[in-house]
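Summary of structural features
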Amino acid sequence: MKRILTYGLFSLFISFATAQTKQTPVYLDDSKDIELRVEDALKRMTLEEKIAFIHAQSKFSSPGVPRLGIPELWMSDGPHGVRMEIEWDSWKHAGWTNDSCTAFPALTALAATFNPELSLLYGQSLGAEARYRKKDVILGPGVNIYRMPLNGRNFEYMGEDPFLASKMVVPYIIGVQENGVAACLKHYALNNQEVWRGHIDVEVSDRALYEIYLPAFKAGVEKAGVWSIMGSYNKYRGQWCSHNERLVNDILKGEWKFDGVFMTDWGSAHDTKEAALYGLDLEMGSWTNGLNQTKDFAYDNYYMAKPYLTMLRNGEVPMSTLDEKVRRMLRLAFRTNMNRNRPFGSFATPEHAEAARLIGEESIVLMKNTNNFFPIAKDRYNKILVVGENATRPLTIGGGSSELKVKKEVSPLEGLIDKYGADKISYTMGYGSGRSSYGKVIPSPYNADSLRIKALELAKDADVVLFIGGLNKSHEQDCEAGDRVTYNLDFNQNELIEELLKINKNIGVILISGNAVATSWLNKVPALIQSWYLGSSAGYATANVISGEVNPSGKLPFSFPKRLEDNGAIAGGSLSYPGDSIRQVYTEDILVGYRWHDTKKIPAQFAFGYGLSYTTFEFGKASTDQKEYGKDDTIKISVSITNKGSVDGAEVVQIYASQRKPSLQRPAKELKGFQKVFLKAGESKVVEIAILVKDLAYFDDKAHTWVVENDKFTLHCGASSADIRSSVVVNVK
Ligand code: BGC
């Protein structure tokens, strides 16, 4: 009865709204397929409605079409959880009390799992949280390639390898979108540093663009069918990336046939005509203060608002440019907030905290482990001293737009106390980092000497010391809108570790960061773990790995150079990084990350793909199903792996390819396949990895096409990019 009544009132309202047309309301008729509905809705919209539809009405929403019942489109950051509510017209937190989410591990951590199944779980869980919070678009994932270790936003991305990032990003997107929530792949493209991100003009070869910087975006479009993409702040070929003819029209919408919405980053639109012509569909964030910066309603003055209307009316740009944008926005609406079959989502659930824990556990990388320093069984020591600010500092706060307000964040210290009991654990900060405020670093209020002296005193008496430090989410650490200024750890952490070692040699270092750092004390410490920003369940994941309840299986998604200068982008000098403030040239070209280390024979401190376990794995000799392949074939490579130790564990079998006699320079080797394999103690399995011959191609920039040459290719099978166990040569014709 209630339903009929509501529907009756509804139809009364509709009959006013559609009095002239007498059509079924756009939001009710979902019998037709999306393209028909798009065309139908488009026809009903007025010019003014179309214009309003393609730009913001608030910080994180666009207005829909109220007359036709097309709802507002709500967006939220992204990419590690659903951000707290932000005020309608400013960046301030709105102060809601029902928006404390689950924080999932940062995307570097997800990449370090080398496990696409966890990426699906990540996307599904995050998508459910976004849906519950009534978000139609989640602003992530980020897949800008890790070019050098100073980029303040590397923690939000999936590492230095385009193959890994492509494999990991696809399930994330699929998982999010299963919820009727759009993923928004960002930042397209070439936003590989934060310094001068708002204007730097990136010069990069087509080979590097196609082979390194674009593949993960392409996979998101072609393999995951992503519904929206965000442009970047920087320029490419002299044109802003958010309305860049080549990147957006030619490549994204032309070559890859992207049919979704291409939106700005917040405030990255700069020109109405370019926005009209070069593929921008939705303008967000152009002015922070939407209501009273000018006398008018400021959103009306966006590049794609009144100025666009005027241009259209004057015939300066064709009406078809607008219709194309509106079509894409309507398609997004029908896929998300007008899809009446989408699930309702769920928020801050125990299941999501569990998902965060699982992903966190599989991401942690064991880097060094002399004399079985780790694992530390529960009864091994009585006095465990934990030193370091990151043991307690909330690391879901800060970092820029990926900041989160969490329902619960278990710190490493809490996780350790939960595991070993409060009587065994003592804690002291050791150093203080301060915090950032509006792009400035506010020094720590604590006295550095007293913190240090206290730690040294306590270390005398401890059976074991766990140093938990690294970077944090403040300005000039791992944080948006600035890069790190040093490759070293800040706040005298190196000195503190050295001094602690003089007093107690039994020290395990646990670094938490989203970037490689210099490890000057490496030879002196018995053990090192690389951990990440692990979100809500950080402490549980960390303690489970330290105690050995979980055997670490994470692998580095980027190289750790010994010295900053050993990184290819940095080796190119200041024009390469950070540029001269106007332009920069990617001088290392296709030799990004391990491609540089391997080809130039400059070994990294820790190589891409590296990570130890509490057990050891024996690799058999890799073999292929054939020795000769055609260009459309799939190579099946198999290798037997045996867990030789006494605990269960997982290894990531990695396949790198190198071409024997390429007609142009190619990297020494490149990742072309991987498989994570779980093995019980003593168990053996044959792992089969399929490699597409077409993935062995290079991008021929003159012919503008991918080429696989007739040649011999060596497929290296190993446990990291620097630990190859056997190789097979195949002939491609
Ligand atoms: C960031 C984006 C983010 C947007 C909205 C920008 O500053 O670059 O990644 O999604 O703000 O918060």
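Residues numbered from 1 in each chain as written. Predicted model: local features only at pLDDT ≥ 70, side-chain atom pairs only at ≥ 80, totals over all residues. Heavy atoms only, no water.

1. Considering the layout of surface pockets
For clarity, the threshold we go by: Grid spacing is 1 Å over the protein atoms alone, the probe is 1.4 Å, and a cavity is where that probe fits but cannot get out, while a pocket is an open set with protein on both sides within 12 Å along at least five of seven lines and lining residues have an atom within 4 Å of a point. Grid points are joined across faces, edges and corners, and a volume is the space filled by probe spheres set on the points. We count a stretch as a helix when DSSP gives it H or I for four or more residues in a row; a strand needs E for two or more, and each element gets its number in order from the N terminus. Domain limits in this description derive from either an automatic procedure or a database domain assignment.
As a volume, the largest pocket reaches approximately 1,100 Å³. Lining the largest pocket are 36 residues; nearest its centre among them are Arg 83, Gly 400, Ser 401, Glu 403 and Tyr 438. When contributions to the lining of the largest pocket are tallied by element, the ones reaching two or more residues are β4 (182-188) and β13 (435-437). Ranked by residues supplied to the lining of the largest pocket, first place goes to β13 with three residues. Summarising the domain contributions, the lining of the largest pocket has at least three residues from each of domain 1 (33-335) and domain 2 (355-554). Estimates place the volume of the second largest pocket at around 680 Å³.

2. Brief notes about the packing of helix α5 (residues 116-132) against helix α13 (residues 350-363)
What counts is decided by this rule: All axes are obtained by fitting lines to C-alpha atoms, using only the stretch in contact for helices, and the reported angles, taken between N-to-C directions, cover 0 to 180 degrees. Roughly parallel covers angles under 35 degrees, roughly antiparallel covers those over 145, roughly perpendicular covers 65 to 115, and oblique covers all other angles. With the far helix as reference, a near helix turned anticlockwise by less than a right angle produces a left-handed crossing, and one turned clockwise produces a right-handed crossing. Contacts: residue pairs with any heavy atoms within 4.5 Å of one another. Under the scheme applied here, ten amino acids are nonpolar (Ala, Val, Leu, Ile, Met, Phe, Trp, Tyr, Cys and Pro), four are charged (Asp, Glu, Lys and Arg), and all others, including Gly, are polar.
Relative orientation of the contacting elements α5 and α13 amounts to 150 degrees, with a least axis distance of 10 Å. Comparing the axis directions of α5 and α13 gives the class roughly antiparallel. Read as a crossing pair, α5 and α13 show a hand that is left-handed. Listed contacts from α13 to Leu 118, Leu 121, Tyr 122, Ser 125, Ala 128 and Glu 129 of α5 are His 352, Ala 355, Leu 358, Ile 359 and Glu 362. Partitioned by chemical class, the residues of the contact of α5 with α13 number seven nonpolar, two polar and two charged.

3. Remarks on the site of the ligand
Formally: Near is defined per residue: the residue qualifies when any heavy atom it owns lies within 4 Å of the molecule or strand. We call two N or O atoms a polar contact when they sit within 3.5 Å, provided that within protein one can donate a hydrogen and the other can accept it, with sequence-adjacent residues counted only if both atoms are side-chain atoms. Here the accessible surface of atoms and residues is derived via Shrake-Rupley with a 1.4 Å probe, and residues count as covered only by protein chains that are part of the display.
Close to the ligand lie 15 residues, the nearest being Asp 77, Arg 153, His 187, Asp 265 and Glu 480. For the ligand, an oxygen atom lies 2.5 Å from a polar atom in the side chain of Asp 77. At 2.7 Å from an oxygen atom of the ligand is found a side-chain nitrogen or oxygen belonging to His 187. For the ligand, whose free accessible area comes to 310 Å², the fraction covered by protein is 97%.

4. Looking at a negative patch on the surface
Heads up, the condition is: Residues enter a patch when their relative accessible area is above 30% and they make no salt bridge; the linking distance is 9 Å between like charges and 5 Å between nonpolar side chains (Val, Leu, Ile, Met, Phe, Trp, Tyr). Counted as salt bridges are all cases of a side-chain nitrogen of Lys or Arg within 4 Å of a carboxyl oxygen of Asp or Glu. Asp and Glu are treated as the negative residues and Lys and Arg as the positive ones, with His and the ends of the chain left uncounted. By convention, charge coordinates are those of NZ in Lys, CZ in Arg, CG in Asp, or CD in Glu. To sort residues, take the accessible area from a 1.4 Å probe on protein chains only and compare it with the maximum for the residue type: under 20% means buried, over 50% means exposed, and anything in between is partly exposed.
There is a patch of like negative charges on the surface, built from Asp 625, Asp 632, Asp 633 and Glu 688. On the secondary structure map, Asp 625 appears in the loop between β20 (623-624) and β21 (628-629). The class of Asp 625 is partly exposed, set by a relative accessible area of 40%.

5. Here we look at the domain arrangement of the protein chain
Examined at the domain level, the protein chain breaks down into domain 1 (33-335), domain 2 (355-554) and domain 3 (615-732). Domain 2 and domain 3 are separated by 35 Å when their C-alpha centres are compared.

6. Structural notes on empty space enclosed by the protein
As enumerated under the stated definition, the model contains eight cavities of 30 Å³ or more in all. A volume near 80 Å³ is recorded for the largest cavity. Along its surface, the largest cavity is lined by 13 residues, and Leu 395, Glu 409, Pro 412, Leu 534 and Ala 538 are the ones closest to its centre. Tallied by class, the residues present in the lining of the largest cavity amount to seven nonpolar, four polar and two charged.

7. Considering the nonpolar core
Our working rule: Here, nonpolar core refers to any group of buried Ala, Val, Leu, Ile, Met, Phe, Trp, Tyr and Cys residues whose side-chain atoms link them within 4.5 Å.
Counting residues in each nonpolar core, the largest one holds 118 residues, and the members touching the most others are Ile 70, Met 75, Met 158, Tyr 188, Met 263 and Leu 330. Counting residues per element, this core draws most heavily on helix α6 (residues 162-177), at nine residues. When neighbours within four sequence positions are excluded, Met 75 is seen to be in contact with Phe 60, Ser 61, Ser 62, Lys 135, Val 137, Leu 139, Met 263, Trp 266, Leu 282 and Met 284. Residues Tyr 487, Leu 496, Ala 538 and Val 550 belong to the second largest nonpolar core, which totals 74 residues.

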